[in-house]
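Letter by letter, the chains look like this.
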Amino acid sequence: MGLTRQYLRYEPAAVFGLVASPRAGVAFVALRGERARYVAVPACEHVFVWDTRKGEKVLILKGLKQQVSCLCPSPDGLHLAVGYEDGAIRVFNLLSAESTITFNGHRAAVTALQYDHLGGRLVSGSKDTEVIVWDVINESGLYRLRGHKDVITQVLFLKEKNLLVTCAKDTLVKWWDLDTQHCFKTLVGHRAEVWGLALLSKERRLITGSADSELRVWDLTYIQEVKDPDEPESKKSKGSPSPETEENTEEDETLELDEHPEERIIKCSKVGSIMREGRDRVVTLGTDRMAKFLACHGTDSVLEVFSVLSEEEIQKKLEKKMKKARKKAKQSSEEEPERSMELSLQEEIQRITNIKASSKIKSFDLILSPKGELKMVLLLQNNVIELYNLDLSAQMPQAVRVSRITIGGHRSDVRTLAFSSDNIAILSAAAESVKIWNRSTLQCIRTMECEYALCSLFVPGDRQVIIGTKTGKLQLYDLASGSLIETLDAHDGAVWSIALSPDQHGFVTGGADKCVKFWEFELVKDENSVQKRLSMKHVRILQLDEDVLCVRYSPNQKLLAVSLLDCTVKVFYVDTLKFFLSLYGHKLPVLCMDICYDGTLIATGSADRNVKIWGLDFGDCHRSLFAHDDSVMYLQFVPKSHLFFTAGKDTKIKQWDADKFEHIQTLEGHHQEVWCLALSPNGDYVVSASHDKSLRLWERTREPLILEEEREMQQEAEYEESVAKEEQPVVAGERQGETGLPGKKTIETIKAAERIMEAIELYREEMAKQKEHNAICKAAGKEVPFPVNPILRAYGNITPSAYVLEVFKKVKSSELEESLLVLPFSYVHDLLRLFNEYIQQGSDVELLCRALLFLLKIHFGQITGNQMLVTVIENLKKTTISRVSEARDVLGFNMAGLQFLKREIEAKDEVTFFADATECFEEKKRKRKKKEKMVLAML
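Everything quoted here is computed from the prediction, not taken from an experiment.

*Asks:* How do you make sense of the overall build of the protein when you look at a structure like this?
*Replies:* Helix and strand counts for the protein come out as 13 helices and 57 strands. Along the first, second and third principal axes, the C-alpha atoms of the protein reach 115 × 100 × 75 Å. Counting every position in the protein, which comprises 939 residues, the buried fraction comes to 50%. For the protein, the proportion of contacts with a sequence separation of at least 24, taken over those separated by at least 6, is 50%.

Structure follows, in structure tokens:
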């Protein structure tokens, strides 16, 4: 048997060049005791926390593979809930930067997240049209709410009532009663998608943003507050529309009759609209934490900020208005009867200012600082975070931009990458700038303005760089000064490709003007200084019939390969520029190619998704590989080997073996098209750039990669994915209703169920062995040594039943119900007996009761129909009731103790407060007396 070839694995080392991804929202987070300084932003699969004052990244909350789609900080500021594209939700602790809780329930991207005011519950909405309420403290799901027909856009808890309000792209706003878990009211006043919701005026007013320039305002009346809710007159008088909306009176009366039952909890009546200046849809609508300020923005770069008057302020304004009206009536000597005056909606919700950002806004967050300033953070589309301050004490408040985080990345997609010859510096260039990064620290060392860059290279010596642009120019930059030394008009069209000659004396460029031009480096006298400076001299030209897309030298500098728009690759002799070979076979243009270190092979990547490997001696095609699911954008050989990397528009980077024609490994990490990559001269590092604005560094490890194992791992991953996509298990006798179980079947829940089954089987085997052992001892008339199971010995010689409990406790709280749902009924019999034993001992009563009630719910028919389980259930009933009442008593005692301590602390604080106040008063008295004495002395 021949030796299998070993390869070394490339692992992800870092993500850089990214300030923030525009997919999810931005949020102020409390860190190091400051609330208005640090902001959390999504960054592909991670979450970055930036210090807005210093412009530094202070924390990275590391994700797995999926992109972040939603963020929500907890009310206490210690945690951050993060929703992902695959429907998972992870709760991070901001102090340790670790994920403490994971919730799996949604089958598509999480689009909305909200904590309740205490932070004990979390509600999530998703692209799968479902809303799930989670218990954060117990780390489990409570229930799933179904009813919307399109993507959920916003979810909000009400503070005072146990209600939830949700809106979606199906034009509906739904009200849910969380006590009964049903939708009791649907608002149907919108013609298009509802993109945002906000609650104002102590939850007495609802404001909704849709696809037009109106912000609709609804008055909320809680019907329980009426003295007699069954009396139609009082109900109508309470819920009757205001004078401004008299035209809706008839509609309201019909609603009253048609929707009588749902009006018992809450009544919504439209009071009017606030007009936005933007004509497009609302993208984000939100308030600060106290709901004093409201802001919204559309698909443009303007944020509109409104102030919401409190009840006291409204009262003051009304009194002023009444005063004016009385004065007017006096002047005109008309005795007008005093009628009740009301403020218009525009007076209650006043526009403060409009903020024009430097680019399109994707999301924002507001916070009122203790100094009375309104701080606003904006996440922009072009990889920028901006922070604005609004001084509310000014007569005409104007927003001032305080800080702008930009240095960490490019404003547009990076189109070209290059490594310096010492493997330390990385060049990245986009439509507006060239940046030089330090590979080890990932810090941006230089930023230089440029035109739209398409290709680049480090000049030998690594002190200068050359950029080829879309307008056909070659730009030469000096890295020490960070300045542009020279600009040459090289081509009449875009410079698509640039390649350094192997002798390092010059380079070659290919452009859209059907020319290949040869250049040499030369030193010319600098007009501004005595020293000479580097320049580029055009020496030769090769005219072709088609646009040139890519050029590459062979390592011995004898041949030049040129890729053309007619889908062929032409190979020429460098010295005479005579034609040597034509490589044809691709169906679409060849976008990238490379020649290996010994000049024997050339690999070409095309827009037809294939990679072809050719021999350079005769131009024969060795193999055609179907490489990517979309265009192959970049291809480069690993130095000193026949291995090469390809980057595709399918978000993947793949490594191939050109000798064995095998796919070695796939580097997954980017979330959108990969435009380019670069390999370090020693082959240890790969850097790639993508449409998701991120640059990723991959490092070659010492870990060998075995292809068979790689294939097995891929198959396992595919199986796990298919398991998650399978039909969810159904509870017998249940129909698909408004509510459902919060969890979903995943590979983790299946594994947890398997662990429980294995533990129960071990318990059965051990009990059978124990019986046999007892019989042997009885027959022998003496104690025979009993062989202990190695698993039980590893756990410290515990009993088989204790081992089952240990396994049960290790099942994640959020996965418990789903694990029990896939557990076969044959194991339930033993489990119920064991539960009885555990509850009698008083161990983990809460967890066991939760599991017991769930098992009874899903297997009710089979359990009640089984005669053998009747006695077990009877025993369970007695033990459970007694143990639960004991636990409740303990909780009650503890609660009473805590309340007593609270009262004691408050009483102490009051005493200190009064003591301080008396001291201050005495001090003032002394000072006054001293002053009076001094005055008398002067007189």
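*Asks:* How should I be thinking about the confidence of the model for the protein in this particular structure?
*Replies:* As a note on interpretation, predicted positions should not be read in detail where pLDDT is low. Looking at the protein, pLDDT values average 87 and 92% of them are 70 or higher. Below a pLDDT of 50 lies the segment residues 226-259, which in the model reaches 22 contacts outside its immediate sequence neighbourhood of four places, other chains included.

*Asks:* Before we go on, may I ask you to explain the sheet that holds strand 52 (residues 652-657) in this structure?
*Replies:* To summarise the sheet geometry, strands pair through backbone hydrogen bonds and adopt either a parallel or an antiparallel arrangement. One open sheet accounts for 4 strands, arranged 50-51-52-53; its pairing is antiparallel. In the strand order of this sheet, the two ends are held by strand 50 (632-637) and strand 53 (662-668), each with one partner. With direction set aside, neighbouring strand axes in the sheet form an average angle of 20 degrees. The sheet contact formed by strand 51 (residues 643-648) and strand 52 spans 5 bridges and is antiparallel.

*Asks:* Which parts of the structure should I look at to understand the environment of Y7?
*Replies:* Mapped onto the secondary structure, Y7 falls in strand 1 (residues 7-16). On the accessibility criterion, Y7 (4% relative accessible area) is buried. For the pair Y7 and E449, spaced 442 residues apart in sequence, the C-alpha to C-alpha distance is 40 Å. When near neighbours in sequence (up to four residues on either side) are disregarded, Y7 contacts L643, D657, K660, E662, I664, E703, P704, L705 and L707. At 2.5 Å, the side chain of Y7 forms a polar contact with the side chain of D657.

*Asks:* Help me out: how do you make sense of the sheet that holds strand 40 (residues 515-525) in this one?
*Replies:* A sheet is described by the order of its strands in space; here 4 strands give the open sequence 38-39-40-41, paired in antiparallel fashion. Here the strands that pair on one side only, and so sit at the sheet edges, are strand 38 (495-500) and strand 41 (532-543). Across the sheet, the mean angle separating the axes of adjacent strands is 25 degrees when strand polarity is ignored. Relative to strand 41, strand 40 runs antiparallel, the two sharing 11 bridges.

*Asks:* Quick question: what am I supposed to make of the packing of aromatic side chains here?
*Replies:* The description of two aromatic rings rests on the distance between their centres and on the angle between their planes. For the structure on display, the rule yields 11 aromatic pairs. Centroid distance F16 to W437: 5.2 Å. Interplanar angle 75 degrees. Geometry classified as edge-to-face. Within this pair, whereas F16 is found in strand 1, its partner W437 is found in strand 32 (residues 433-438), the two being separated by 421 residues in sequence. Note on F808 and F835: the rings are 5.4 Å apart at their centroids and 75 degrees apart in plane angle, and the pair reads as edge-to-face. Highlighted residues: F808 in helix 8 (residues 800-810) and F835 in helix 10 (residues 828-841), separated in sequence by 27 residues. Looking at F808, the relative accessible area reads 2%, which means it is buried. Members of the aromatic cluster, each reached through a chain of ring pairs, are F507, W519 and F521. One Lys or Arg, R439, reaches over the ring of Y685 and ends 3.9 Å from the middle of that ring. The ring of F518 is capped by R540, whose NZ or CZ atom sits 4.6 Å from the centre of that ring.

*Asks:* What's the story with unusual backbone geometry in this structure? I'm lost.
*Replies:* Note on backbone geometry: most residues besides glycine have negative phi, and most peptide bonds are trans. If you check the backbone angles, A97 has positive phi at about 60 degrees while not being a glycine. Looking at the secondary structure, you find A97 in the loop between strand 8 (88-93) and strand 9 (98-104). Phi angles above zero are rare outside glycine, and D462 is one such case at about 60 degrees. Within the secondary structure layout, D462 lies in the loop between strand 34 (453-458) and strand 35 (464-469). On the accessibility criterion, D462 (17% relative accessible area) is buried.

*Asks:* Looking at this structure, how should I read the pattern of salt bridges?
*Replies:* When the charged atoms of two side chains lie near each other, side chains of opposite charge can form a pair. Inspection of every chain in the model, using the stated rule, returns 33 salt bridges. In this structure, the salt-bridge partner of R121 is D116, at a minimum N-O distance of 3.3 Å. We note a salt bridge from R764 to D830, for which the minimum N-O separation is 2.6 Å. Linking R764 in helix 6 (residues 747-780) with D830 in helix 10, this pair joins segments that are 66 residues apart in sequence. Several salt bridges converge on common partners, so that one network encompasses R9, E11, E703 and E710.

*Asks:* Sorry, what's going on with the side chain of K517 here?
*Replies:* For K517, the position within the fold is in strand 40. Among the polar contacts made by the side chain of K517, one reaches the main-chain carbonyl oxygen of A490 at a distance of 2.5 Å. Sequence-distant contacts of K517, that is, excluding residues within four places in its chain, are made with A490, H491, F507, V508, T509, H538, R540 and I541.

*Asks:* Looking at this model, I keep getting lost on the state of the cysteines. Mind explaining?
*Replies:* Two cysteines joined by a covalent bond between their sulfur atoms form a disulfide. Tallied over the entire structure, the rule returns 0 disulfides. C72 takes part in no disulfide bond, and the closest cysteine sulfur to it belongs to C70, at a distance of 7.3 Å. Classification of C72 by relative accessible area gives buried; the value is 6%.

*Asks:* How should I be thinking about the environment of E806 in this particular structure?
*Replies:* Inspection of the secondary structure puts E806 in helix 8. Between the C-alpha atoms of E806 and A759, which are 47 residues apart in sequence, the distance is 9.3 Å. In contact with E806, other than residues within four places in its own chain, are Y795 and I798.

*Asks:* Hey, could you run me through the packing of helix 6 against helix 8 in this one?
*Replies:* Each pair of packed helices can be summarised by the angle the axes make with each other and by the distance between the axes. Across the interface, helix 6 lies against helix 8 with an axial gap of 9 Å and an inter-helix angle of 175 degrees. In terms of orientation, helix 6 and helix 8 fall into the roughly antiparallel class. Contacts between helix 6 and helix 8 involve R755, I756, A759, I760, L762, Y763 and E766 from the first element and P800, S801, Y803, V804, V807 and F808 from the second. When grouped by side-chain class, the residues that make up the contact of helix 6 with helix 8 number 10 nonpolar, 1 polar and 2 charged.

*Asks:* What am I meant to see in the pairing of strand 39 (residues 506-511) here?
*Replies:* The two faces of a sheet get side chains in turn, since along a regular strand they alternate between them. Taken across its 6 residues, strand 39 has 6 buried, putting it largely inside the fold. Because side chains alternate across strand 39, one face comprises the buried residues G506, V508 and G510, and the other comprises F507, T509 and G511, equally buried. With 5 bridges joining them, strand 38 and strand 39 adopt antiparallel strand pairing. Paired with I498 across the strands is T509, a residue of strand 39. Turn length for the strand 38-strand 39 hairpin, with the two strands adjacent in sequence and antiparallel, is 5 residues, and the turn residue Q504 shows positive phi of about 65 degrees. A loop of 3 residues connects strand 39 with strand 40, the two strands running antiparallel in sequence, and K514 in this loop sits at a positive phi of about 65 degrees.

*Asks:* Explanation requested: helix 6 in the structure shown.
*Replies:* Helical geometry note: an α-helix holds 3.6 residues per turn, so side chains three or four residues apart project in the same direction. Under the 1.5 Å per step criterion, the end-to-end length of helix 6 is 49 Å for 34 residues, consistent within 8% with the ideal 50 Å. Remark: G781 follows helix 6 within two positions and exhibits a positive phi of approximately 75 degrees.

*Asks:* Whenever I open this one, a nonpolar patch on the surface confuses me. Can you help?
*Replies:* There is a patch of nonpolar side chains on the surface, built from M895, L898, F900, L901 and I905 and spanning about 520 Å² of accessible area. With respect to the helices, strands and loops of the structure, L901 is situated in helix 13 (residues 870-938). Taking relative accessible area as the criterion, L901 reaches 47% and is therefore assigned partly exposed.

*Asks:* What is the right way to look at the nonpolar core in this model?
*Replies:* Grouped burial of nonpolar side chains is what soluble globular proteins tend to show. Counting residues in each nonpolar core, the largest one holds 35 residues, and the members touching the most others are V804, F808, L820, L831, L832 and F835. Only helix 6, helix 8, helix 9 (816-821), helix 10, helix 11 (845-858) and helix 13 provide two or more residues apiece to this core. For this core, the element with the highest residue contribution is helix 10, accounting for 7 residues. Residue contacts for L820: discarding those within four places in its chain leaves F808, L831, A851, F854, L855 and I858. Core analysis: the second largest hydrophobic core is formed by 19 residues, F184, L220, Y222 and C268 among them.

What counts and what doesn't
- Counting starts from 1 at the beginning of each chain's written sequence and moves along it residue by residue.
- Whole-chain, interface and lining totals are the exception, using all residues; otherwise, since this is a predicted model, local features are given only for residues with pLDDT of at least 70 and side-chain atom pairs are given and counted only at 80 or more.
- Calculation of side-chain values draws on the structure's entire complement of heavy atoms; hydrogens and water are dropped beforehand.
- Numbering of helices and strands runs from the N terminus; a helix is a DSSP stretch of H or I covering at least four residues, while a strand is a stretch of E covering at least two.
- Exposure categories follow from relative accessible area, calculated using a 1.4 Å probe and restricted to protein chains: below 20% of the type maximum is buried, above 50% is exposed, and the middle band is partly exposed.
- Residue contacts are defined here by distance: any two heavy atoms, one from each residue, within 4.5 Å place the two residues in contact.
- Think of pLDDT as the predictor's per-residue confidence, scored from 0 to 100.
- At least two DSSP bridges between two strands are required for those strands to pair.
- Interaxial angles span 0 to 180 degrees and are taken between N-to-C directions of axes, which are lines fitted to C-alpha atoms, for helices over the stretch in contact.
- Counted as a polar contact is a pair of N or O atoms within 3.5 Å, where, for protein atoms, one must be capable of donating a hydrogen and the other of accepting one, and residues adjacent in sequence contribute only when both atoms are in side chains.
- Note on aromatic contacts: the rings of Phe and Tyr and the six-membered ring of Trp form a pair at centre separations within 6.5 Å, being stacked when their planes are under 30 degrees apart, edge-to-face when over 60 apart, and tilted otherwise.
- Look at NZ for Lys and CZ for Arg. If either is within 6 Å of the ring centre and within 35 degrees of the ring normal, a charge sits over the ring.
- Salt bridges are defined as contacts in which a side-chain nitrogen from Lys or Arg sits within 4 Å of a carboxyl oxygen from Asp or Glu.
- Here, two cysteine sulfur atoms that lie within 2.5 Å of each other are counted as a disulfide.
- Oblique is the label for any angle not covered by the other classes, which are roughly parallel (under 35 degrees), roughly antiparallel (over 145) and roughly perpendicular (65 to 115).
- Amino acid classes used here: Ala, Val, Leu, Ile, Met, Phe, Trp, Tyr, Cys and Pro are nonpolar; Asp, Glu, Lys and Arg are charged; the rest, including Gly, are polar.
- What a helix is expected to span follows from its residue count: subtract one and scale by 1.5 Å.
- Like-charged residues within 9 Å of one another, or nonpolar side chains (Val, Leu, Ile, Met, Phe, Trp, Tyr) within 5 Å, are grouped into patches, provided each residue has over 30% relative accessible area and no salt bridge.
- Computed with a 1.4 Å probe, the accessible areas rest on the Shrake-Rupley method; for each residue, only the protein chains presented here act as cover.
- Buried Ala, Val, Leu, Ile, Met, Phe, Trp, Tyr and Cys residues that are joined via side-chain atoms within 4.5 Å together make up what is termed a nonpolar core.

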